[in-house]
Amino acid sequence: METLNLFIRSIFIDNMVFAFFFGMCSYIAVSKSVKTALGLGLAVTFVQTMTVPLNYLLNEYVLAPNALVEGVDLSFLSFIVFIAVIAAFVQLVEMIVEKFSPSLYNQLGIFLPLIAVNCAIMGGSLFMQQMVGAGEIRNVGESVVYGLGSGIGWWLAIVMMAAIRERLAYSHIPAALKGPGIAFIITGLMGIAFMIFSGIQL
Amino acid sequence: MASKSLKNLTAPLSGNNPVIVQILGICSALAVTVQLKPAIVMGLSVMVVTAFANLVMSILRKGVPSRIRIIVQLVVIASLVILVDQVLKAFVYDVSKQLSVYVGLIITNCIVMGRVEAFALQNKPWDSFLDGIGNGAGYGLILVIVAFFRELLGSGSLFGFPIFEKLGLYELGYANCGLMLFPPMALIIIGCIIWVHRSINKDLQEK
């Protein structure tokens, strides 16, 4: 039950985009068509599901106080270790996608390597570290659930945004508000809508 | 200072602002804008990291093969962010607690990577350093504007000083807008800043 709760919470209540603004840059830039948004969302969810547990293991067995050597606290290294794991993993995914699905590779273009610096990925790992400290994630399984849930939350947000922006092409918007301006305001309104989920407990 | 260097420093403040024109670095920014103090600390941290990351990468630009440049950049940036994080923890612990994971997220802040990729790899160290300072300042400026409105309208204070209470507005029936403290309002304020900015600078408008 707790695990299911964590899953629901990471998708809807603590949504990466609406509650924490993570991954806003690619969220605004890639949400012009639903198809690319779907592809990028899938890639982010995949990377997130893999890197959060990886970083969880590193955090538990290498970085935490007294984990590696008695009396040594390596937690100040967590930023650099997390980003190295993420960058290496994204490189791997890039090579695999290029080999097996060149069409998706061409579609995602520059945004595939940019997943490495997508704040949603790094943010997911850093939040995981905080939640371990708060006792909300207690084993590898729960870190997988959190990674998957937060990835899906981001995916959901970018696809919804892309769908709205495709419709938006037919509406009359003040010239100065076109593009990013209206995108921010829509995201804000969607965030207010997502606030109704807060407090849901299973 | 030569006029070109000066331009590197001032262009990012408005015409080429990293947040509202280049749409970079929104990720780690908006959650820290509930109050002015953390917003200013965050702006300064990003400025320091951007400036020194630009400087270091500009010095290294001839020695780093382009295939592995991303990972080199990440290592340089991450080391700088660890330094900033330790300094914040040592000197302004309460603000550092408030910023929580967002300090670590400076690593993945697109402004830092973006400026290194777009500027520092093609330019001399001094110009790159100024470009970093300018972009960090442009980012900080937007944070401060957003934080000003959110703190003033949301909690009726500035830097924690209860300004509306002193003016006696509450006795006249004024109430704080609690919605301002929630994340979505930061996005809407940014949207409005872009709206105003593009109404003034018509050349930035999209067709």
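Residues numbered from 1 in each chain as written. Chains lettered and ligands numbered in written order. Predicted model: local features only at pLDDT ≥ 70, side-chain atom pairs only at ≥ 80, totals over all residues. Heavy atoms only, no water.

## Some words on the environment of Pro113 of chain A
To keep it simple, the criterion reads: Runs of E in the DSSP output that reach at least two residues are strands. Runs of H or I that reach at least four are helices, and both are numbered from the N terminus.
Examined against the element boundaries, Pro113 of chain A turns out to sit in helix 7 (residues 111-114). Considering only alpha carbons, one finds Pro113 of chain A and Val93 of chain A, 20 residues apart in sequence, at a separation of 9.2 Å.

## Details of the environment of Leu77 of chain A
With respect to the helices and strands, Leu77 of chain A occurs in the loop between helix 4 (34-63) and helix 5 (78-100). Expressed as a C-alpha distance, the spacing of Leu77 of chain A and Ala116 of chain A, which sit 39 residues apart in the sequence, is 18 Å.

## Digging into the packing of aromatic side chains
Residues and elements named next belong to chain A. Condition: Side-chain rings of Phe, Tyr and Trp (the six-membered ring for Trp) are treated as a pair once their centres are within 6.5 Å; stacked means planes under 30 degrees apart, edge-to-face means over 60, and tilted covers the remaining angles. Working definition: with a 1.4 Å probe on protein chains only, accessible area under 20% of the residue-type maximum means buried, over 50% means exposed, and in between means partly exposed. Placement of a positive charge over a ring is assigned whenever Lys NZ or Arg CZ falls within 6 Å of the ring centre and within 35 degrees of the normal to the ring plane.
Overall, the coordinates contain 11 aromatic pairs over all chains when judged by the stated rule. Taking 5.7 Å as the distance between ring centres and 40° as the angle between the ring planes, the aromatic pair formed by Phe22 and Phe127 counts as tilted. Of this pair, Phe22 sits in the loop between helix 2 (16-20) and helix 3 (24-30) while Phe127 is found in helix 8 (residues 119-133), placing the two residues 105 residues apart along the sequence. Both residues of the pair, Phe22 and Phe127, count as buried. Within the aromatic cluster, the residues linked to one another by ring pairs are Phe12, Phe18, Phe194 and Phe197. Geometry around Phe100 places Lys99 over its ring, the cationic atom sitting 5.5 Å from the centre.

## Quick notes on the layout of surface pockets
What counts is decided by this rule: Cavities and pockets were defined on a 1 Å grid built over protein atoms only: a cavity is a set of grid points that admits a 1.4 Å probe from which the probe cannot escape, a pocket is an open set flanked by protein on both sides within 12 Å along at least five of seven lines, and lining residues are those with an atom within 4 Å of any such point. Grid points are joined across faces, edges and corners, and a volume is the space filled by probe spheres set on the points. Under the convention adopted here, Pro, Cys and the residues Ala, Val, Leu, Ile, Met, Phe, Trp and Tyr are nonpolar, Asp, Glu, Lys and Arg are charged, and Gly plus all remaining residues are polar.
Taken as a whole, the second largest pocket holds about 540 Å³ of empty space. Contributing to the lining of the second largest pocket are 19 residues, with Phe79 and Gln129 of chain A together with Asp85, Lys89 and Lys97 of chain B lying nearest its centre. Secondary structure elements with two or more residues in the lining of the second largest pocket: helix 5 and helix 8 of chain A together with helix 3 (69-91), helix 4 (93-99) and helix 5 (101-104) of chain B. With 4 residues, the top contributor of residues to the lining of the second largest pocket is helix 3 of chain B. Taken together, the residues of the lining of the second largest pocket sort by class into 7 nonpolar, 8 polar and 4 charged.

## Focus on the packing of helix 3 of chain B against helix 6 (residues 110-120) of chain B
Residues and elements named next belong to chain B. Going by this rule: Every axis in this analysis is a line fitted to C-alpha atoms, fitted for helices over the stretch in contact. Angles between the N-to-C directions lie between 0 and 180 degrees. Roughly parallel covers angles under 35 degrees, roughly antiparallel covers those over 145, roughly perpendicular covers 65 to 115, and oblique covers all other angles. We call a crossing left-handed when the near helix sits turned anticlockwise from the far one by less than a right angle, and right-handed when that turn is clockwise. We call two residues in contact when some of their heavy atoms are within 4.5 Å.
Axis separation between helix 3 and helix 6 bottoms out at 11 Å; the angle between their running directions is 130°. Viewed along their axes, helix 3 and helix 6 adopt a mutual orientation that is oblique. The two elements helix 3 and helix 6 cross, and the hand of that crossing is right-handed. Every residue of helix 6 that contacts helix 3 at Arg69, Ile70, Gln73, Leu74 and Ile77 is listed here: Val112, Met113, Val116 and Glu117. Class assignment for the residues of the contact of helix 3 with helix 6 results in 6 nonpolar, 1 polar and 2 charged.

## What about a nonpolar patch on the surface?
Residue and element names in this part refer to chain B. Applied cut-off: Patch rule: a residue counts if its relative accessible area is over 30% and it has no salt bridge; like charges are joined within 9 Å, and nonpolar side chains (Val, Leu, Ile, Met, Phe, Trp, Tyr) within 5 Å. What sets the accessible areas is the Shrake-Rupley method with a 1.4 Å probe; for residues, cover comes only from the shown protein chains. By salt bridge we mean one thing: a side-chain nitrogen of Lys or Arg within 4 Å of a carboxyl oxygen of Asp or Glu.
Together, Leu13, Leu141, Ile145, Phe148 and Phe149 give the surface a local cluster of nonpolar side chains, amounting to about 370 Å² of exposed area. Inspection of the secondary structure puts Phe149 in helix 7 (residues 125-155). A relative accessible area of 35% means that Phe149 is categorised as partly exposed.

## Considering the interface of chain B and chain A
Many descriptions give the size of an interface as the accessible area lost when the pieces come together. Just so we agree on the cut-off: Summed over both partners, the accessible area lost on bringing two parts together, with a 1.4 Å probe, is the buried area. Counting of polar contacts relies on pairs of N or O atoms within 3.5 Å, with two restrictions inside protein: one atom must be capable of donating a hydrogen and the other of accepting it, and residues adjacent in sequence are counted only when both atoms are side-chain atoms.
Taken together, the 42 residues of chain B in the interface contact 38 residues of chain A. Carbon and sulfur atoms make up 83% of the surface buried where chain B meets chain A, a total of about 3500 Å² over both sides. Among the residues chain B hides against chain A, the three largest losses belong to Cys27, Thr108 and Leu187 of chain B. Together they make up 17% of the total. Run the count over chain B and chain A and you get 0 salt bridges. Applying the counting rule to chain B against chain A returns 0 residue pairs in polar contact (both at pLDDT 80 or more). The set of elements that each furnish at least two residues to the side of chain B that touches chain A consists of helix 3, helix 5, helix 6 and helix 9 (183-200) of chain B.

## Let's talk about the nonpolar core
Selection criterion: Here the nonpolar core consists of buried residues drawn from Ala, Val, Leu, Ile, Met, Phe, Trp, Tyr and Cys, with membership extended through side-chain atoms lying within 4.5 Å.
One finds Phe22 and Tyr27 of chain A to be the most contacted residues of the largest nonpolar core, which totals 120 residues. In terms of residue count, the dominant contributor to this core is helix 3 of chain B (10 residues). In contact with Tyr27 of chain A, other than residues within four places in its own chain, are Val17, Phe18, Trp154, Ala157, Ile158, Met161, Thr187 and Met190 of chain A.

## Some words on the confidence of the model for chain A
We apply this condition: Confidence scores per residue from the predictor, reported as pLDDT, run from 0 to 100.
Scored by pLDDT, chain A has a mean of 84; 98% of the residues are at 70 or more. By mean pLDDT, the top-scoring element of chain A is helix 9 (residues 140-168) of chain A (90), and the lowest-scoring one is helix 7 of chain A (69).

## Some words on the pattern of salt bridges
Within this structure, the stated rule accounts for 7 salt bridges over all chains. A salt bridge links Arg9 of chain A to Asp14 of chain A, with the nearest nitrogen and oxygen atoms 3.0 Å apart. A salt bridge links Asp85 of chain B to Lys89 of chain B; the shortest N-O distance between them is 3.3 Å. Note that Asp85 of chain B and Lys89 of chain B are positioned in helix 3 at a spacing of 4 residues, about one turn of the helix. Under the relative-accessibility criterion, Asp85 of chain B is labelled buried at 8%. Salt bridges sharing common partners tie together Glu2, Arg138 and Glu142 of chain A.

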